[in-house]
Structures are given as structure tokens and as C-alpha cells.
Amino acid sequence: MSRRTNKAAPRAEAARPTVTVCRGCCCGTPSKVPRLNHEAQLTDLHTQLAGVAMVRRTDCLDACERANVIVIQPSAEGRHAGGRPVWLGQVNDPGAATDITTWVKNGGPGLADPPDILDLYTFTPARRVRHELDDRPHPPQPSTRLRRAD
């Protein structure tokens with residue numbers, strides 16, 4: 001039996017970028033960001049990226065000072081081309097979701113340049129937080145908890 005037949009088939013999600021939307025203690029709350037319809041933003045991303053990217057909601061990405069936080073992870077092809085996750089903070093403008101969906105529809109990290117406006121939102125989180133997101137398997141569940149239990 002060849003090694004090729006023993007290999008697991010790549011997950012369908014790996015072929016698409018992943019958009020992780022923080023909706024934890026600060027992100028997605030009217031008390032932290034009062035003038036944004038948080039559910040509409042999430043629904044918009046789901047609707048606009050259906051079949052293009054996996055959009056998932058998560059509890060907390062531990063970058064609360066930058067609420068609302070969205071992370072765009074490259075597809076397998078994008079990662080192979082050198083793309084890495086892009087962290088976007090203070091995504092509180094309704095037009096930002098449009099800029100994000102346009103970029104992801106064009107391929108996302110590694111395959112397409114982001115619109116210049118997204119430079120205003122890009123930040124580098126703490127290394128611990130990056131590793132927790134990058135190293136974690138990506139289940140097709142609508143919500144996952146990223147913080148480690150102490």
C-alpha cells in the first residue's frame with residue numbers, strides 16, 4: 001500500500017481562509033463599542049464570505065484593548081505562498097467588514113494584498129496569544145474558547 005493512500009484528505013476548511021471574530025468580554029459588547037451593531041457585523045461577514053472562508057466566532061482573543069478584534073488566517077495555499085495570520089483591531093467601522101470581505105474574496109493573506117485601509121487596523125498581538133490561535137486545531141464549531149485554564 002502506498003503512503004499516499006494512508007494520508008488523510010485535507011479538510012475542506014484548510015482550503016479556505018479562516019476569519020475569527022472575537023466576541024468575548026469586550027469585543028462585541030455595546031459597553032465597550034457602543035455605536036456598532038455587533039451582531040450585524042458578524043452576520044455580514046458570515047453572509048458575504050459563505051463558501052469563500054470559514055467564519056467563526058470565538059470568546060476572547062486576549063487583545064481587549066483593541067476591541068473589536070478579527071483575525072484573518074490564510075488558506076493552505078495562502079500559507080504555502082508565505083501568508084500568515086493578520087490581526088485587525090478596532091474594527092468598529094461598518095465599512096471595515098466590507099474591506100475585509102473584499103480582501104478575503106480575493107484570496108486573503110499570501111494570495112492577495114489587503115486594501116490599504118486595513119493597515120490602520122493591523123497590529124501584532126503578544127506572542128503567547130498568537131501561538132494559541134496559530135497552533136490550535138480549527139474545528140468547524142461556531143464558538144471556541146482560546147484562553148488557557150490556569
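In what follows, the accompanying structure is described. These figures come from a predicted structure and were not determined experimentally.

Rules and cut-offs
- Residues numbered from 1 in each chain as written.
- Predicted model: local features only at pLDDT ≥ 70, side-chain atom pairs only at ≥ 80, totals over all residues.
- Heavy atoms only, no water.
- Helix = DSSP H or I, 4+ residues; strand = E, 2+ residues; numbered from the N terminus.
- Buried < 20%, exposed > 50% of the residue type's maximum accessible area, 1.4 Å probe, protein only.
- Contact = heavy atoms within 4.5 Å.
- Areas by Shrake-Rupley, 256 points an atom, 1.4 Å probe, with all protein chains shown as cover.
- Pairing = 2+ DSSP bridges.
- Right-handed = clockwise from strand over helix to strand, strands pointing away.
- Phe/Tyr/Trp six-rings, centres within 6.5 Å; stacked < 30°, edge-to-face > 60°.
- Arc of directions from axis to C-beta.
- Polar contact = N/O pair within 3.5 Å; in protein donor to acceptor, adjacent residues only side chain to side chain.
- Salt bridge = Lys/Arg side-chain N within 4 Å of Asp/Glu carboxyl O.

## Some words on the overall build of the chain
Point 1. Secondary structure summary: the chain contains five helices and six strands in total.
Point 2. For the chain, with 150 residues in total, the buried portion stands at 43%.
Point 3. Summarising the internal contacts of the chain: among those between residues at least 6 apart in sequence, 72% fall at separations of at least 24.
Point 4. For the chain, the computed accessible surface area is about 8500 Å², with 50% contributed by carbon and sulfur atoms.

## Let's talk about the pairing of strand β2 (residues 54-58)
Point 1. By the criterion of burial, β2 is predominantly enclosed, with four of the five residues buried.
Point 2. As paired elements, strand β1 (residues 18-22) and β2 share five bridges and run parallel to each other. Across the sheet, residue threonine 20 finds its bridge partner in β2, namely arginine 56.
Point 3. The handedness of the β1 to β2 crossover, carried by helix α2 (residues 38-48), is right-handed.

## Describing the packing of aromatic side chains
Point 1. Scanning all chains against the criterion turns up one aromatic pair.
Point 2. Each ring, one from tryptophan 87 and one from phenylalanine 123, has its centre 6.0 Å from the other, and the planes form 75°; the classification is edge-to-face. Pair noted here: tryptophan 87 is in strand β4 (residues 86-88) and phenylalanine 123 is in strand β5 (residues 122-123), with a separation of 36 residues, a long-range link. For the pair shown, tryptophan 87 and phenylalanine 123 are each scored as buried.

## Focus: unusual backbone geometry
Only a minority of non-glycine residues have a phi that is not negative, and only a minority of peptide bonds are not trans.
Point 1. Note that the residue after alanine 67, namely asparagine 68, is joined by a cis bond; omega there is 0°.
Point 2. In this fold, asparagine 68 is placed in the loop between β2 and β3 (70-73).
Point 3. Positive phi, normally seen in glycine, also occurs at aspartate 62, with a value near 60°.
Point 4. Assignment of secondary structure puts aspartate 62 in the loop between β2 and β3.
Point 5. Phi is positive for glutamine 90, which is not a glycine, with a value near 55°.
Point 6. Of note, glutamine 90 is situated in the loop between β4 and α4 (94-105).
Point 7. What makes glutamine 90 partly exposed here is its relative accessible area of 45%.

## A look at α2
Point 1. Three or more residues of α2 are buried, namely His38, Gln41, Leu42 and Leu45. In an axial view of α2, the angular spread of the buried residues amounts to 95°, which keeps them on one side of the axis.
Point 2. In this structure, the buried side of α2 is in contact with β1, β2, β3 and α4.
Point 3. The N-terminus of α2 is capped by asparagine 37, whose side-chain oxygen sits 3.4 Å from the backbone nitrogen of glutamate 39.

## Looking at the pattern of salt bridges
Point 1. Applying the stated criterion across every chain yields a total of one salt bridge.
Point 2. Across the pair arginine 57 and glutamate 39 runs a salt bridge whose closest N-O atoms are separated by 3.1 Å. Note that arginine 57 is positioned in strand β2 and glutamate 39 in helix α2, a separation of 18 residues in sequence.

## Considerations on the pairing of β1
Point 1. β1 sits mainly inside the fold: five of its five residues count as buried.
Point 2. The two faces of β1 match: Thr18, Thr20 and Cys22 on one face and Val19 and Val21 on the other face are all buried.
Point 3. Sheet topology note: the β1/β3 ladder contains four bridges and is antiparallel. Pairing of threonine 18 across the sheet is with glutamine 73, part of β3.

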